[in-house]
Amino acid sequence: MAYHYEPAGLYLEDFEIGKEYVSAGRTITEADVMTFAGLSGDYNPLHVDEEFAKTNMFGTRIAHGALGFIISTGLTNQMRTHEGTTIAFMECTLKYVAPLMIGDTIHVVVVPTEKRHSSKPGRGILKQNLKLLNQDDKLIMESDQVLMMVSRE
């Protein structure tokens, strides 16, 4: 039998404008920060040097802002709303509001804000707002995003 993947994600038409789609939580660990530093090459002492970081405004190391964004994409995919039905991540704006701390348990809230069909059949554009929140529901990062999605039309 040949392999056949069946997408689990929602089609463009299935997204409800204004509905909140909420992910599970995930705790940011020391290993996450050090692995991301190694992958990205970003060894800023703010993230990897506790003695240096004690002198900053946070009094300790903080996780990379980009790490929070990358994990937010994974949390979104784990909701299965976008799994296999996202054609392309086309555009986003990011606003970092508060530091992402090692030990924070984060989750995302994704709210579709606009959708339209493309001139090409089988695809459309979804605009969404994503909020990355910590265990206290404190906003860490906000992102407006444009995605190309599979559609039924």
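It should be emphasised that the depicted structure is a prediction, and the values quoted were computed from it without experimental measurement.

Looking at this structure, I do not really get the packing of helix H1 (residues 30-40) against helix H4 (residues 65-78). What am I missing?
Think of two packed helices as two axes; the pair is described by the angle between the axes and how far apart they sit. At a minimum axis distance of 10 Å, the contact between H1 and H4 shows a crossing angle of 105 degrees. Judged by the inter-axis angle, H1 sits roughly perpendicular to H4. Every residue of H4 that contacts H1 at Asp32, Val33 and Phe36 is listed here: Ala66, Leu67 and Ile70. Here the contact of H1 with H4 is built from residues that sort into five nonpolar, no polar and one charged.

Please explain the pattern of salt bridges as it appears in this structure.
Throughout the structure, instances matching the rule amount to 10 salt bridges. Arg152 is paired through a salt bridge with Asp14; the nearest N and O atoms lie 2.9 Å apart. A residue pair is termed long-range when its members are at least 10 positions apart, and Arg152 in the segment after strand E6 (139-150) and Asp14 in the segment before strand E1 (21-22) qualify at 138 residues. Across the salt bridge formed by Lys19 and Glu16, the nearest N and O atoms sit 4.0 Å from each other. Take Lys19: its relative accessible area is 36%, and that puts it in the partly exposed class. A cluster of three or more residues bridged by salt bridges with shared partners is formed by Glu13, Asp14 and Arg152.

Mind showing me how you'd approach the side chain of Asn134 here?
Within the fold, Asn134 resides in the loop between strand E5 (123-133) and E6. Taking relative accessible area as the criterion, Asn134 reaches 6% and is therefore assigned buried. A distance of 2.8 Å separates a polar side-chain atom of Asn134 from the backbone nitrogen of Asp136.

It is not clear to me how the pairing of E5 should be interpreted in this structure. Could you clarify?
It is a general feature of regular strands that their side chains alternate between the two faces of the sheet. Among the 11 residues of E5, eight are classified as buried, and the element is accordingly described as predominantly covered. Bridge count between strand E4 (residues 105-117) and E5: 10 bridges; the pairing is antiparallel. Opposite His107, over in E5, you have Leu133 as the bridge partner. Between the antiparallel neighbours E4 and E5 lie five residues, among them Gly122 with a positive phi of about 85 degrees.

Sorry, what's going on with the pairing of E4 here?
Strand direction decides the pairing type here: E1 and E4, joined by two bridges, are antiparallel. The partner of Tyr21 across the bridge, within E4, is Val110. Inspection of the sheet shows strand E2 (residues 26-27) paired to E4 by two bridges, in the antiparallel sense. Paired with Thr27 across the two strands is Thr105, which belongs to E4.

Reading guide: rules and limits
Every chain is numbered independently, its residues counted from 1 as its sequence is written. Only residues with pLDDT of 70 or above have their local features reported here, since the model is predicted, and side-chain atom pairs are shown and tallied only from 80 upward, although totals for entire chains, interfaces and linings are computed over all residues. Each side-chain value is derived from all of the structure's non-hydrogen atoms; neither hydrogens nor water enter the calculation. Angles run from 0 to 180 degrees between N-to-C directions of axes, and those axes are lines fitted to C-alpha atoms, restricted for helices to the stretch in contact. In this text, helices come from DSSP runs of H or I with a minimum length of four residues, and strands from runs of E with a minimum of two, each type numbered from the N-terminal end. Angular relationships are summarised with four words: roughly parallel below 35 degrees, roughly antiparallel beyond 145, roughly perpendicular across 65 to 115, and oblique for the angles in between. We call two residues contacting when some pair of their heavy atoms lies within 4.5 Å. Note that Gly is not counted as nonpolar here; it falls among the polar residues with everything else outside the nonpolar set of Ala, Val, Leu, Ile, Met, Phe, Trp, Tyr, Cys and Pro and the charged set of Asp, Glu, Lys and Arg. The working definition used for a salt bridge is a side-chain nitrogen of Lys or Arg within 4 Å of a carboxyl oxygen of Asp or Glu. Note on exposure labels: buried denotes an accessible area under 20% of the residue type's maximum, exposed denotes more than 50%, and partly exposed covers the range between, all computed with a 1.4 Å probe on protein chains only. Polar contacts, as used here, are pairs of N or O atoms within 3.5 Å; protein pairs need one atom able to donate a hydrogen and one able to accept it. Residues neighboring in sequence count only if both atoms are side-chain atoms. Should DSSP find at least two bridges between two strands, the strands are taken to pair.

Geometric descriptors of this kind do not, in isolation, establish any biological role.
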